[in-house]
Amino acid sequence: MAYNNPFTLDFGAKPNLYVSRNEERNKILNTFLAEMPSTHIFILMGARGTGKTVLMTEVAHDIRDHKGWHHVDLGTDGDMLNALAGYLYKKYQMLDPKIKLDVSLKGIGISVEKGSKYSDIHADLDEIINGFKKKGIKILVTVDEVSNSPSVRAFMSYFQHCIREEMDIFVIGTGLYKNVRALQNNKTMTFLKRAPKIMIGALNLMRISRYYQEVFDIDYDKASVLARLTDGYSYAFQTLGYILCDKGKKEADEDVLTEYMVNLSECSYDKIWEELSGEERRVVMAVADSEPVTAVNEIRNKLEMDSNSFSTYKDTLIKSGILSDRSSRGYVSFSLPFFREFVIQQYTE
Ligand SMILES: Nc1ncnc2c1ncn2[C@@H]1O[C@H](COP(=O)(O)OP(=O)(O)OP(=O)(O)O)[C@@H](O)[C@H]1O
Ligand SMILES: [Mg+2]
C-alpha cells in the first residue's frame, strides 16, 4: 500500500491507535508493585481478539521499567521451566560474573547448551530466584495463552511452590475461559481457582469515536456511528478503521460492511466457532434466531433444554466473552459485532 494506514490487523503487538485500559492496568501495577502484594498472579481472560496479549505486554513493559524487576516472557510449547532457568541463569551471571554458583546450577548451563532436560531444575530455580531476592530483584513471568498442557502444569506447580516459599516471582497469564477452566480443574491446580481473573471486555466507545473522528476528519456523530459498528471489540476497531482507510472512505457503505464482516469471520469468528461444542453452538444458534436482546427463558424453551444444562452453557458462553447478560437481568445478547449475522450464515450455508 502506498500510504500509511494507522490501524493494524496484527494480533498481539501494541497498536498505534491504542485505547488505554487504565482500570485493569492499574489494578495489576498497583498490586504487584505494592510492598505486600495481595496476589502474585493475574489471569486475563476474554474472547479472541479482545486485547489480552496487548494488555499483558503493556503491563509487563510498565513493570520492567521499574528498578529491581526482570521480565521473562515464556512460550507454552517447550519446557517452560528449562526456558525460565536458562534465561534467569544468564541474567544472574550478567549481574555478577564472579558469583560462584552451586554445582547443581551448572547443570542448567549444561542443559541449556545441550537443550536437554535437567532433572533438578526446581532446586536450581529456587537458588537463582532467591539469589535475585537478596539483591532486591523481583521476577515477572508472562505466559500468553495458558492451557491445560503438561508444560503449563509443570510451570504452575513450580509457581505454587514459590508462593508457599514466599519467593519474589509474579505471573501474568492470558487465556480463553475454557482453557483456563480445564487447567484449574486439575487436582493439583486448584490454587488457580483463587487466582484473580480479569475479564477483558469492550473498549470505551467514546474513545473509539474520538479516534475515528480524528483519523477520518469527520464530525463526532458520524464517528460514533462507526464506533457503534464495532461494539467496542478491539479487533473490530482496528479492522473497520483499516478497511475504511484502505478504501479511502469515511462511511461504512455496503462495500465496506461486506469486507468488514468477511474479515471478522476469517480472522476471528471462524476460530471462535470451531472452539464451541455442539451444544454450545445450539444455544448460540437459538440466540441468533431470536430478537437482538432476548429473555433467556424464551431461548431455553425453544431449545427444550433443562434449566441446569442451559444455564451451564449460557454461563460458559458469557465467561467466554461471546454472550452478554449485562444489558438487563434474565436477558442475553451477543457481545461481538455482527456475530449474530455470522452465526446465521453458519447454518444457512
Ligand atoms: N486497547 C486496545 N486499543 C486498540 N486496539 C487494541 C487494543 N487491544 C488490542 N487491540 C487490537 O485488537 C487486536 C487483538 O488484540 P490481541 O492480540 O491482544 O487480542 P487477544 O485477546 O490476545 O486475542 P487472542 O485470544 O486471539 O490471542 C489487535 O489487532 C490489536 O491491535
Ligand atoms: Mg493473544
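Residues numbered from 1 in each chain as written. Chains lettered and ligands numbered in written order. Predicted model: local features only at pLDDT ≥ 70, side-chain atom pairs only at ≥ 80, totals over all residues.

Trainee: Looking at this structure, I do not really get the overall build of the chain. What am I missing?
Mentor: In terms of helices and strands, the chain carries 15 helices and 8 strands. Principal axes of the C-alpha set define a box for the chain whose edges measure 70 × 55 × 40 Å. The proportion of buried residues among the 349 residues of the chain is 34%. Nonlocal contacts in the chain, meaning residues at least 24 apart in sequence, comprise 70% of its contacts between residues at least 6 apart. (Helix = DSSP H or I, 4+ residues; strand = E, 2+ residues; numbered from the N terminus. Buried ≥ 20, exposed ≤ 12 C-beta atoms within 10 Å, placed from the backbone. Contact = placed C-beta atoms within 7 Å.)

Trainee: Could you clarify how one ought to interpret the sheet that holds strand 2 (residues 69–74) in this entry?
Mentor: Strands belonging to one sheet form pairs held by backbone hydrogen bonds; the direction of such a pair is parallel or antiparallel. With parallel pairing, 5 strands are arranged side by side in an open sheet as 2-3-4-1-5. Looking at the sheet topology across the chains shown, the edges are occupied by strand 2 and strand 5 (197–199). Across the sheet, the axes of successive neighbouring strands diverge by a mean angle of 20 degrees, strand direction being ignored. Note that strand 2 and strand 3 (residues 138–143) share 6 bridges and pair parallel. (Pairing = 2+ DSSP bridges. Axes fitted to C-alpha atoms, helices over the stretch in contact; angles between N-to-C directions.)

Trainee: Could you clarify how one ought to interpret the environment of asparagine 130 in this entry?
Mentor: If you trace the backbone, asparagine 130 turns up in helix 5 (residues 121–134). Take asparagine 130: there are 14 C-beta atoms within 10 Å of it, and that puts it in the partly exposed class. Considered as a pair, asparagine 130 and aspartate 168 are 38 residues apart in the sequence and their alpha carbons are 7.7 Å apart.

Trainee: Just checking my understanding: could you explain the sheet that holds strand 8 (residues 331–334) for this structure?
Mentor: Strands sit in the order 6-8-7 across an open sheet of 3 strands; the sheet is antiparallel. At either end of the open sheet lies a strand with only one pairing partner, and these are strand 6 (294–295) and strand 7 (323–324). Here 2 bridges tie strand 7 to strand 8, and the two strands are oriented antiparallel to one another. Among the inter-strand pairings, leucine 323 is bridged to a residue of strand 8, identified as phenylalanine 334.

Trainee: Teacher, can you tell me more about unusual backbone geometry here?
Mentor: Note: most residues except glycine have negative phi, and most peptide bonds are trans. Of note, aspartate 217 is a non-glycine position whose phi angle comes to about 55 degrees, a positive value. Looking at the secondary structure, you find aspartate 217 in the loop between helix 8 (205–216) and helix 9 (220–228). The phi dihedral of glutamate 304 is positive, around 50 degrees, even though this residue is not glycine. Note on placement: glutamate 304 falls in the loop between helix 13 (296–303) and helix 14 (307–319). By C-beta crowding, glutamate 304 is classed as exposed, having 7 other C-beta atoms within 10 Å.

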